Amino acid sequence: MPHAPSLPHRSSQPAPGPTTPPTDVVVEARDLTKVYGSGEARVAALDGVSLTVSRGQFVAVMGPSGSGKSTLLHCLAGLDTPASGHVLIAGRDLAGMNDKQLTAVRRDQLGFVFQAFNLLPTLTAEENILLPTRLAHRTPDPNWQNAVIAALGIGDRLTHRPAELSGGQQQRVAIARALIGRPQVVFADEPTGALDTASAASLLQALARMCDNLGQTVVMVTHDENAAAATNRVIRLRDGRIIGDDAVRRPTSTHAAAAQARPAGAATPAAPTGAAAPAGWVTPAGPATPTDPATPTGTAGTAAPAGPAGPAAPAGPAGPATPAGPTAPTGTGTTANTAATGREAR
């Protein structure tokens, strides 16, 4: 009996398609290259860069000047075109898109934050934030809008114009503007470069909270190691190639550090000395000055030790010989007044 032809074995796992990234991958680069110049002036800004960024990650891209980090950011954001390779945003390949399609992706799927705030000076903070949705003729999600404003801590600055805001506040408004459309990913190019240290740290903490609590994805180019420490992943470039890709354990917040420092401060001996201040009340030993009534000038003495010298006053008994003079009744009156004064002092 002839045997039926055997069917080819099929794997239980389907082969992945060439443009089907994992569902939680928001940004993917595949073998990106970018070359500037030619001949001896040829520079490979990107030389076979591949990476993926998952939803909710806060990623720092670092490297020395000329390493290709800004070129990589521009290619990932659709602002520049790689010489070869593919960039996928939420599974959509940017290669082959025309200008109109790229504009739609940048408007609807991406957010941008730059070192310059780029706020319109005649608009309030809220009007600047809502500008992208107005241009797209869309109504922002009020719940998302409130969540973004609360996370960035600018709820009390919405009616202010840029000139009335600090640098840190202006950058927060710029970030809110980038987030208002609920993009798949926000690309930030040196967002803390124009800020002081305190404002930069506060801004980075706000971005980290948005990634942790709201599931936002942020890819940030920076040269600042302190800024990179606020992220949860650092990608390092050199000569157009990735030389490091490491997870980051965020340091304990400054608030927690301060709380840990406080107990040590409480143990400072300064507090006990403050309690010992009642010992300063040794000055009440001044009441011993009633022993000085025989010497009114002794009451003016501020040093209590002078009091012990007061007992030398018994030498005064030599004085009673004067009351023996009958002509000094007024003296006795003076003595009585002095004694009464002494009793009142007691």
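Above this text you will find the structure in question.
Residues numbered from 1 in each chain as written. Predicted model: local features only at pLDDT ≥ 70, side-chain atom pairs only at ≥ 80, totals over all residues. Heavy atoms only, no water.

*Asks:* Which residues make up the overall build of the protein, and what values go with them?
*Replies:* Of regular secondary structure, the protein possesses twelve helices and ten strands. When contacts within the protein are restricted to residue pairs at least 6 apart in sequence, those whose partners lie at least 24 apart make up 70%. Counting every atom, the protein has about 20200 Å² of accessible surface; 58% of that belongs to carbon and sulfur. (Helix = DSSP H or I, 4+ residues; strand = E, 2+ residues; numbered from the N terminus. Contact = heavy atoms within 4.5 Å. Areas by Shrake-Rupley, 256 points an atom, 1.4 Å probe, with all protein chains shown as cover.)

*Asks:* Describe the packing of aromatic side chains, listing the residues and the values that go with them.
*Replies:* In total, this model carries two aromatic pairs according to the counting rule given. Members of the aromatic cluster, connected to one another through ring pairs, are F112, F114 and F187. (Phe/Tyr/Trp six-rings, centres within 6.5 Å; stacked < 30°, edge-to-face > 60°.)

*Asks:* Residues and numbers for the sheet that holds strand 5 (residues 92-93), please.
*Replies:* The strand order across the open sheet formed by four strands is 2-1-4-5, and the pairing between neighbours is antiparallel. Here the strands that pair on one side only, and so sit at the sheet edges, are strand 2 (43-54) and strand 5. Of the pairings in the sheet, the one linking strand 1 (residues 25-36) to strand 4 (residues 84-89) comprises five bridges and is antiparallel in character. For A29, the partnering residue across the bridge sits in strand 4 and is V87. Its contacts with the sheet place helix 1 (residues 69-76) against strand 1, strand 2 and strand 4, and it is angled at close to 125° to strand 1. (Pairing = 2+ DSSP bridges. Axes fitted to C-alpha atoms, helices over the stretch in contact; angles between N-to-C directions.)

*Asks:* Before we move on, can you summarise the sheet that holds strand 3 (residues 58-62) with the specific residues and values?
*Replies:* Ordered by their spatial adjacency, six strands build an open sheet running 6-7-8-3-9-10, and the pairing between neighbours is mixed. The open sheet terminates on both sides in strands that have one partner only, identified here as strand 6 (110-113) and strand 10 (241-247). Direction aside, neighbouring strands of the sheet carry axes that sit 20° apart on average. Pairing of strand 3 with strand 9 (residues 233-238) involves four bridges; the strand directions are parallel. In the strand pairing of strand 9, M62 is matched with R236. Packed on one face of the sheet, helix 1 meets strand 3, strand 7 (185-189), strand 8 (218-221) and strand 9 and runs near 150° to strand 7.

*Asks:* Explain helix 2 (residues 99-108) residue by residue, including any values.
*Replies:* Those residues of helix 2 that sit buried are L102, V105 and D108. Each buried residue of helix 2 sits inside an arc of 145° when the element is viewed along its axis, so together they form one side. In helix 2, the exposed residues that point more than 90 degrees away from the buried face are D99 and K100. Capping the start of helix 2, N98 holds a side-chain oxygen 3.2 Å from the backbone nitrogen of K100, two or three residues further along. (Buried < 20%, exposed > 50% of the residue type's maximum accessible area, 1.4 Å probe, protein only. Arc of directions from axis to C-beta. Polar contact = N/O pair within 3.5 Å; in protein donor to acceptor, adjacent residues only side chain to side chain.)

*Asks:* A description of the pairing of strand 9 should follow, citing residues and the corresponding values.
*Replies:* Looking at chain direction, strand 9 and strand 10 are connected through six bridges and run antiparallel. Paired with V234 across the strands is D246, a residue of strand 10. Once strand 9 ends, the chain turns through two residues before running back antiparallel as strand 10, passing D239 with a positive phi of about 55°.

*Asks:* A description of the environment of A201 should follow, citing residues and the corresponding values.
*Replies:* Note on placement: A201 falls in helix 6 (residues 197-214). For A201 and A230, which are 29 residues apart along the polypeptide, the C-alpha to C-alpha distance reads 8.2 Å.

*Asks:* Just give me the short version of the pairing of strand 1, but keep the residues and values in it.
*Replies:* As judged from the nine bridges shared by strand 1 and strand 2, these two strands associate in the antiparallel manner. When the sheet's bridge partners are listed, V35 is paired in strand 2 with A44.

*Asks:* Go over the side chain of T222, please, and point to the residues and values.
*Replies:* Here T222 shows up in the loop between strand 8 and helix 7 (225-228). The exposure class of T222 is buried, given its relative accessible area of 1%. One polar contact links the side chain of T222 to the main-chain amide nitrogen of D224, over a distance of 3.0 Å. Ignoring any residue separated from it by four or fewer positions in sequence, one finds T222 in contact with A60, V61, M62, K69, E190, A227 and A228.

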